[in-house]
Amino acid sequence: MTRKSVNTPRIRRRTFIAGAAAVAAAVPLRYAHSQGQKLKIGVLFPRSGIQAQIGIDCMRGVESAPEVLKAKGYADFEILAGDTETNPAIARAQAERLIEQGAHVITGCFDSGQTLAAAQVCEQKGIPFSVSIAAAPALTEQGYKTVFRNFPTGPMIVTDSLNLQKELFQVGGKTPQTMVMLHTNDTYGTNTKDAFVRLFPTFNMPYKTLETIAYDPAARDLSAEVRKAKATNAELCMVISRVNDAIMLTQEMVKQRWVPMGIVSAGPGWYESVYMTTLKKISDDIVSTVPWHDPNKPLSKALDVALKKRYPDRELNTNHTYAFEGILIAVDAHKRAGSTEAGKLIEAFRKTDIKDNVVTGPGVRFNEKGQNPDVKMSAIQNRNGKNLVVLPQNAAVTKAIWPMRAWTARG
Amino acid sequence: MNDLTPFGRAALLAFAALLLAVPWIASGYVLSVSIICLYLAYMGQAWNLMLGFAGLLSIGHALFVGLGAYTSGYLFTKLGVPPAVGVVAAVAVAMAMGSIIGYLGFRFAIGGVYFALLTIAFSEFVRILLDHAKFLGGTEGMFLPVSQESRRGVDLVNLRGSTEMYYYVILALAAGAFLMCRALLNGRVGYYWRAIRDNPEAAEAVGVDIFRFRMYAVLLSSGMAGVAGVFYAFYYNNLFPEQVLGIERSIEVTLAPIVGGVGTLFGPIFGAFILTPMGELLTEAVEGFKQSGLIAKNVKTDGVKLMFWGLAVALIVLLKPKGLWPWVCERLRLVKPPGQRG
């Protein structure tokens, strides 16, 4: 063995030790807690992984918040962003990171599993958690003292949707006596269908369910399913879909000249911009029940302007508005607490009473469990490529077209 | 220890001391990341036992984690069975599933990538089944009750306590898995596994019962993953089929052994402690650059960590196909050359 070959590894070993020591010294094992008065809000959304597109969309609402809230007189605040990577383990670690970087409030996370993981950290550290989007009821049933949710729970979503349907029939002046449901056969579609079917009897819905038809959302042809639905002669068609299958179902309905009294969607797909831009006029008149914003509220208008300034091609949607409102609740609590101290902020969160907000409902307040009981769903109708709120009536911008017009009678 | 050079021994002791000291010197964030590292190191060891030792590729290991998690979670929430007891049922269920997959795979000579596909198929099948299992929460999730008081102190029977307690639990599991794998690899079964891995026909020709020893590998690996599931359930306290059994969870556990070195004992641990902290440091660095203005704030850097992971795996597969650990061992002379070992 030559001298060189003997020495080389030793030199590298020393280099390695020196390098490792330098890295160890550089690693910030402890972050200093910020004690400044400027509110720091840790924002957690899944900006990578399977839910990346939704998380990124939520961040658009967050990015629009400073401009809108400063104009409303709220103090300057700082956003600390974290990516949950669509993984509860990372959500937990990122919540720790944001808190150690000085976040006084955490907000997020879109997905219930990730939200619950982050909530545990907030509860341990005594940091208020402004839950912007997450529907699992358990989140506010665990006895957490620092968790405040401004989003409808799963059961609230279903019951509100059924109430909105009844109101729609009343306002429209025509009540369907029969209904057929088309739903995706995946987990989302099956579970949502089950939740509705379970509640139909207790809600005393005016229509009789003739048939529920499951279909594969990845199918290339849905003609048989539409034919089957048409054959029931049901007056109302209720749909639980994704966007691609929603487009295919509509095209098939047009082809088979099936014009029910109305099509009501209880989820995504039928109100999305890609649905409306693809189908143009025939996308009109479809009604969707969704967690939405009240376009008549001044703050909604201000948020819409701020969003369009940054993202001209984006229409204000659920992701933007609820993510924004998570920030609004935090800065409002900070304003009333007059401090960034966690205890005072939590107390201020409990006493939240915001009337001037964005989402549908009378405002934001929290019950003893930390849930906003006032948050409401909306019924929106597609009209000329826009989602117009038709119900509840105090949030409506127009009257619903009901029954829907024939496919050929749309200008 | 006998195979290590004096420097290797010192490095191992320093690493062990550092691991023991983490809760005392590190922040909550570093502690959380360390728990992720140790979890991936433990799971990497379980996965490595199948591929690295016995030559059986699994891309559905999240299945066993999920079964362990749901079994212990259900027993705890519905029947009040503590996880210290529930872990037995969790391991039994995970091993039962492992035995089904193993039996089907080995009895019908399904090997290589086809065996991997079998593991994916079962994993997806169980995930969809859990999606529809209302008594386990379905897609709406299963939630394990946790009180504020139980977040303090140490209750190993109910697996309730502080984050520090969870850290030491997963550290003990990772250390135990390492020692068990070391004992197995250096024993008779380890030689049989390696013989089967390198040339199953030759191993069978000299009398090795390849069906039996392959089944041992699958059963042990699935049982270990079942234990990881119990830890997962009681650390995160909520279970969603998509989050626990998703294909990305299965892929995640393969990364540390691939980076560290498939078939090596320390590779999964080394890989986990390289990949996870590097990813976190990268995220930190990018955020820091944004704050300091070196990167414009409007530049989208979402998913930079996942891109780094992808690049790292691609480079390692291309440049160091045996993983980083054998190379590091050689460069730093951590292990004695084969001729000088006792």
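Criteria and thresholds
- Residues numbered from 1 in each chain as written.
- Chains lettered and ligands numbered in written order.
- Predicted model: local features only at pLDDT ≥ 70, side-chain atom pairs only at ≥ 80, totals over all residues.
- Helix = DSSP H or I, 4+ residues; strand = E, 2+ residues; numbered from the N terminus.
- Buried ≥ 20, exposed ≤ 12 C-beta atoms within 10 Å, placed from the backbone.
- Contact = placed C-beta atoms within 7 Å.
- Pairing = 2+ DSSP bridges.
- Axes fitted to C-alpha atoms, helices over the stretch in contact; angles between N-to-C directions.
- Domains from an automatic or database assignment.
- Core = buried A, V, L, I, M, F, W, Y, C linked by C-beta atoms within 7 Å.
- pLDDT = per-residue confidence, 0-100.
- Nonpolar A, V, L, I, M, F, W, Y, C, P; charged D, E, K, R; others polar.
- Parallel < 35°, antiparallel > 145°, perpendicular 65-115°, else oblique.

**Q** Would you take a moment to explain the overall build of chain A for this structure?
**A** Per the secondary structure count, chain A includes 12 helices and 12 strands. The buried share among the 411 residues of chain A stands at 51%. Across chain A, contacts joining residues at least 24 apart in sequence account for 68% of those joining residues at least 6 apart.

**Q** Would you explain the sheet that holds strand β6 (residues 178-184) of chain A in this entry?
**A** Within a sheet, adjacent strands bond to each other through the backbone by hydrogen bonds, running parallel or antiparallel. All names here are of chain A. Taken in spatial order, the 7 strands make up an open sheet running β7-β6-β8-β9-β10-β11-β12, and their pairing is mixed. Each end of this open sheet is capped by a strand with a single partner; those strands are β7 (208-215) and β12 (386-391). Mean inter-strand twist for the sheet, computed between neighbouring axes without regard to direction, equals 30°. Sitting on the sheet, helix α5 (residues 154-172) is in contact with β9 (262-265), β10 (287-291), β11 (377-383) and β12, with an inclination near 55° to β11. Against the sheet, helix α6 (residues 187-203) engages β6, β7 and β8 (236-240), with an angle of about 155° to β6.

**Q** Would you take a moment to explain the domain arrangement of chain A for this structure?
**A** By convention, interface size is frequently given as the accessible area that disappears when the constituent parts associate. Residues and elements named next belong to chain A. The domains assigned to chain A are domain 1 (39-153 + 296-375) and domain 2 (156-293 + 378-395). A straight line from the C-alpha centre of domain 1 to that of domain 2 covers 30 Å. Facing 14 residues of domain 1, the contacting portion of domain 2 comprises 12 residues. In terms of residue count, helix α11 (residues 318-337) provides more of the side of domain 1 that touches domain 2 than any other element does, 3 residues in total.

**Q** For this particular structure, what's the right way to read the nonpolar core?
**A** Soluble globular proteins tend to pack their nonpolar side chains together in the buried interior. Counting residues in hydrophobic clusters, the biggest one holds 163 residues, and the most contacted among them are I106 and A118 of chain A together with Y42, I170, A228 and F231 of chain B. Top contributing element to this core by residue count: helix α2 (residues 28-53) of chain B, with 19 residues.

**Q** Whenever I open this one, the confidence of the model for chain B confuses me. Can you help?
**A** Detailed reading of predicted coordinates is not advised where the pLDDT is low. Confidence along chain B averages 92 in pLDDT terms, with 99% of residues attaining 70 or more. As scored by the predictor, the complex reaches a pTM of 0.86 and an ipTM of 0.89.

**Q** Would you take a moment to explain unusual backbone geometry for this structure?
**A** Most peptide bonds take the trans form, and the phi angle of most residues other than glycine is negative. The linkage connecting G108 of chain A with the following residue, C109 of chain A, adopts the cis geometry, with an omega of -10°. With respect to the helices and strands, the residue C109 of chain A is situated in strand β3 (residues 105-109). Unlike most non-glycine residues, N237 of chain B shows phi in positive territory, near 65°. Classification of N237 of chain B as buried rests on a count of 21 C-beta atoms within 10 Å.

**Q** Looking at this structure, I do not really get the interface of chain A and chain B. What am I missing?
**A** Each side of the interface is counted separately: chain A has 35 residues, and chain B has 32 residues. Broken down by class, the residue content of the side of chain A that touches chain B amounts to 13 nonpolar, 11 polar and 11 charged.

**Q** I would appreciate a short explanation of the packing of helix α11 (residues 247-260) of chain B against helix α12 (residues 267-292) of chain B in the present structure.
**A** Packed helix pairs are specified by the crossing angle of their axes together with the interaxial distance, meaning the distance between the axes. Residues and elements named next belong to chain B. Where α11 contacts α12, the two axes come as close as 7 Å, and the packing angle between them is 105°. On the basis of the axis angle, α11 is roughly perpendicular to α12. For the pair α11 and α12, the contacting residues are L255, A256, P257, I258, V259 and G260 in the first and G267, P268, I269, F270, G271, A272, I274 and L275 in the second. Across the contact of α11 with α12, the residue classes tally to 11 nonpolar, 3 polar and no charged.

**Q** Any chance you could explain the sheet that holds strand β5 (residues 147-149) of chain A here in plain terms?
**A** All names here are of chain A. Strand order in the open sheet formed by 5 strands is β2-β1-β3-β4-β5, and the pairing between neighbours is parallel. Each edge of the open sheet carries a strand with a single partner, namely β2 (77-83) and β5. The mean inter-strand angle of the sheet, taken between neighbouring strand axes irrespective of direction, is 25°. With 4 bridges joining them, strand β1 (residues 39-45) and β3 adopt parallel strand pairing. Within the sheet, the bridge partner assigned to I41 lies in β3 and is V105. Against the sheet, helix α4 (residues 112-125) makes contact with β1, β3, β4 (129-133) and β5, and its axis sits at roughly 165° relative to β3, the strand it touches most.

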